[in-house]
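Letter by letter, the chains look like this.
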Amino acid sequence: QVQVVESGGGLVQPGGSLRLSCTASGSIFKIYTMGWYRQAPGNQRELVAGFTSGGGANYADSVQGRFTISRDNAKNTVYLQMNSLKPEDTAVYYCTTTLSRALGTTPRDYWGQGTQVTVSS
């Protein structure tokens, strides 16, 4: 079994910062990608930032220069540092990872339960 758990959400004023964390645990053989999506009410889920299987990072245009994704491979953990937050960043943030559970098995996607980020004065 695999668990993906996010933490670090909350309420912050515009211009403030938050740091999200996400850890994958359980029966894991190899992690290929890890990243963050978000979904605001009435909107589709969208990519915020993520690491590709090649190791590079990509960002949504709306967060470029404000958000930074980083990771600790030894801990199967990915972080999202969010600075200069705006009200439009308000959403539930989801962590996702693509991993395989054993040698020779097909990688699949796993999602966390999400953590609420609210940017409001």
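Let us look at the structure shown here. Along each chain, residues carry numbers from 1 onward, in the same order as the chain's sequence is written. Given that this is a predicted model, residues contribute local features only at a pLDDT of at least 70 and side-chain atom pairs are listed and counted only at 80 or more, while totals for whole chains, interfaces and linings are drawn from all residues. Side-chain metrics rest on all non-hydrogen atoms present in the structure, leaving aside hydrogens and water.

## Digging into the nonpolar core
Next, step 1: Within this scheme, the nonpolar core is defined by two criteria: the residues are buried Ala, Val, Leu, Ile, Met, Phe, Trp, Tyr or Cys, and they are joined through side-chain atoms within 4.5 Å. Three exposure classes are used, based on accessible area relative to the maximum for each residue type with a 1.4 Å probe and protein chains only: buried under 20%, partly exposed in between, and exposed over 50%. Counting 28 residues, the largest nonpolar core has W36, V48, F67, V78, L80, M82 and Y93 as the members making the most contacts within it.
Next, step 2: Elements with a contribution of two residues or more to this core: β1 (2-7), β3 (18-26), β4 (30-39), β5 (46-51), β7 (67-72), β8 (77-82), β9 (91-100) and β11 (115-119).
Next, step 3: The residues touching V48, leaving out its near neighbours within four places in the chain, are W36, Y37, R38, N58, Y59, A60, V63, F67, L80 and Y93. Only DSSP runs of H or I covering at least 4 residues are called helices, and only runs of E covering at least 2 are called strands; the numbering of each starts at the N terminus. The contact definition used throughout considers only heavy atoms, calling two residues in contact when any of these lie within 4.5 Å.

## Thoughts on the pairing of β3
Next, step 1: In terms of strand pairing, β1 meets β3 through 6 bridges, oriented antiparallel. Within β3, the position partnered with Q3 by the bridge is S25.
Next, step 2: Strand pairing requires that DSSP identify at least two bridges connecting the strands. As judged from the 6 bridges shared by β3 and β8, these two strands associate in the antiparallel manner. Looking across to β8, one finds that R19 is bridged to Q81.

## Here we look at the pattern of salt bridges
Next, step 1: Any Lys or Arg side-chain nitrogen found within 4 Å of a carboxyl oxygen on Asp or Glu counts as a salt bridge. If you walk through the whole model with that rule in mind, you get 3 salt bridges.
Next, step 2: Put simply, R38 and E46 hold a salt bridge, and the shortest N to O gap is 2.7 Å.
Next, step 3: The class for E46 is partly exposed, based on a relative accessible area of 36%.
Next, step 4: Close ionic contact of R66 with D89 constitutes a salt bridge, the shortest N to O distance being 2.8 Å.

## Concerning the sheet that holds β8
Next, step 1: Pairing within the open sheet is antiparallel, and its 4 strands lie in the order β1-β3-β8-β7. The sheet terminates laterally at β1 and β7, the two strands that pair on one side only. Within this sheet the neighbouring strands show an average axis-to-axis angle of 15°, counted without direction.
Next, step 2: Relative to β8, β7 runs antiparallel, the two being bridged by 6 bridges. Orientation is described by axes fitted as lines to C-alpha atoms, over the contacting stretch for helices, and by angles from 0 to 180 degrees between their N-to-C directions.

## Looking at unusual backbone geometry
Next, step 1: In this structure, N76 is a non-glycine residue whose phi angle is positive, near 50°.
Next, step 2: Since its relative accessible area comes to 24%, N76 is described here as partly exposed.
Next, step 3: Positive phi outside glycine occurs at S84, with the angle close to 50°.

## Looking at the packing of aromatic side chains
Next, step 1: The pairing test for Phe, Tyr and Trp rings, Trp by its six-membered ring, is centres within 6.5 Å, and the orientation test on the planes gives stacked under 30 degrees, edge-to-face over 60, and tilted for anything in between. Considering all chains together, one arrives at 1 aromatic pair under this definition.
Next, step 2: Relative to W111, the ring of Y37 lies with its centre 5.2 Å away and its plane at 65°, an arrangement referred to as edge-to-face. Remark: W111 occurs in strand β10 (residues 108-111) and Y37 occurs in strand β4; sequence separation between them is 74 residues.
Next, step 3: In this scheme, Lys NZ or Arg CZ marks a charge over a ring once it lies within 6 Å of the ring centre and within 35 degrees of the ring normal. One Lys or Arg, R45, reaches over the ring of Y94 and ends 3.7 Å from the middle of that ring.

## Observations regarding the side chain of E6
Next, step 1: Following the sequence through the fold, E6 ends up in strand β1.
Next, step 2: His is not counted here, nor are the chain ends, while Lys and Arg score as positive and Asp and Glu score as negative. Despite its burial, E6 remains without a salt bridge, the nearest opposite charge being carried by R45 at 7.6 Å.
Next, step 3: Any pair of N or O atoms that falls within 3.5 Å is considered a polar contact. Within protein, one atom must be able to donate a hydrogen and the other to accept it, and sequence-neighbouring residues count only if both atoms are side-chain atoms. At a separation of 3.2 Å, a polar atom in the side chain of E6 contacts the main-chain amide nitrogen of Q113.
Next, step 4: For E6, the contacting residues outside a window of four places in its chain are S21, C22, W36, Y93, Y94, C95, G112, Q113, G114 and T115.

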